[in-house]
Amino acid sequence: MANFTSEIKRELINIAPKTERTQIAAIAALLRTCGRVVATEYNVGFEFCVEQERIAEYFSGVVETCRGLRVELKAAVYDPKQSRDKLTFFCGGDRVIEVLEECGFFVGANGQIADGGVVGLIRGEEEILPYIRCAFLGSGSCTLPKSGSKTGYHLELIFEDEEIAEETLELLDSVDILVRTVKRGEKFVLYSKSR
């Protein structure tokens with residue numbers, strides 16, 4: 001039987017962002033959970049790394065629908081811990097900088113990248129929900145208690161950056177999803193437990 005996280009993710013990939021603003025919100029979450037902006041003085045783009053082909057197809061579809069961007073497979077590396085490939089995709093081209101700026105990133109002339117965050121960028125429930133869905137697809141997990149267990153469900157979203165974790169906490173709070181933050185190693189984890 002598939003684990004609960006996989007079941008949730010299987011449901012979420014059936015909900016595609018319909019408008020350009022919701023696509024931008026989805027890409028903003030993708031970049032902050034399982035992606036990164038890559039820039040040199042000659043080229044700007046972004047890449048993202050996922051383990052499941054269905055999630056890769058979903059993210060590729062969202063990115064390609066947004067202003068006709070192109071996504072290409074960059075690498076498939078076998079991860080012996082997970083017994084599956086990690087798939088890395090790249091998106092570049094003329095319109096990428098424009099989309100990155102709408103996602104809150106600023107790219108300097110020398111290839112320097114600054115993340116301006118998501119507060120003020122993601123507005124209203126129509127944009128917040130696609131952001132949360134894609135954040136979960138990018139770095140989320142949820143476990144259910146075993147039968148007879150005294151613990152409840154446990155939901156997590158993992159971020160590399162503390163400010164982005166805190167801003168995402170604010171977005172979750174704005175739609176009445178209450179979470180806490182904890183630092184785990186170099187990562188920042190938003191979590192919610194039922195007990």
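Here is a short report on the structure shown in this document. (Residues numbered from 1 in each chain as written. Predicted model: local features only at pLDDT ≥ 70, side-chain atom pairs only at ≥ 80, totals over all residues. Heavy atoms only, no water.)

**A closer look at helix H3 (residues 53-65)**
Each turn of an α-helix holds 3.6 residues, which means side chains three or four residues apart point in the same direction.
Moving on, step 1. For H3, with 13 residues, the first-to-last C-alpha span of 18 Å sits near the 18 Å given by 1.5 Å per residue.
Moving on, step 2. Buried within H3 are the following residues: Ile-55, Ala-56, Tyr-58, Phe-59, Ser-60, Val-62 and Val-63.
Moving on, step 3. Next to the buried residues of H3 lie helix H1 (4-12), helix H2 (20-33), strand E2 (44-50), strand E3 (70-79), strand E4 (84-92) and helix H5 (124-139). (Helix = DSSP H or I, 4+ residues; strand = E, 2+ residues; numbered from the N terminus. Expected span 1.5 Å × (residues − 1). Buried < 20%, exposed > 50% of the residue type's maximum accessible area, 1.4 Å probe, protein only. Contact = heavy atoms within 4.5 Å.)

**Considering the pairing of E4**
Moving on, step 1. By the bridge criterion, six bridges tie E2 to E4 in an arrangement that is antiparallel. Note on E4: the bridge partner recorded for Phe-46 is Cys-91.
Moving on, step 2. Pairing geometry for E3 and E4, over nine bridges, is antiparallel. Across the sheet, the residue bridging to Tyr-78 is Asp-85, located in E4. (Pairing = 2+ DSSP bridges.)

**Regarding a negative patch on the surface**
Moving on, step 1. Side chains of Glu-125, Asp-161, Glu-162, Glu-163, Glu-166, Glu-170, Asp-173 and Asp-176 sit close together on the surface and give a patch of like negative charge.
Moving on, step 2. Sorting elements by how many residues they give to the negative patch places helix H6 (residues 162-174) first, with five residues.
Moving on, step 3. Looking at the element boundaries, Asp-161 is found in the loop between strand E8 (154-159) and H6. (Patch = residues over 30% accessible without salt bridge, like charges linked within 9 Å, V, L, I, M, F, W, Y side chains within 5 Å. Areas by Shrake-Rupley, 256 points an atom, 1.4 Å probe, with all protein chains shown as cover. Salt bridge = Lys/Arg side-chain N within 4 Å of Asp/Glu carboxyl O. Lys, Arg positive; Asp, Glu negative; His and termini not counted. Charge placed at Lys NZ, Arg CZ, Asp CG, Glu CD.)

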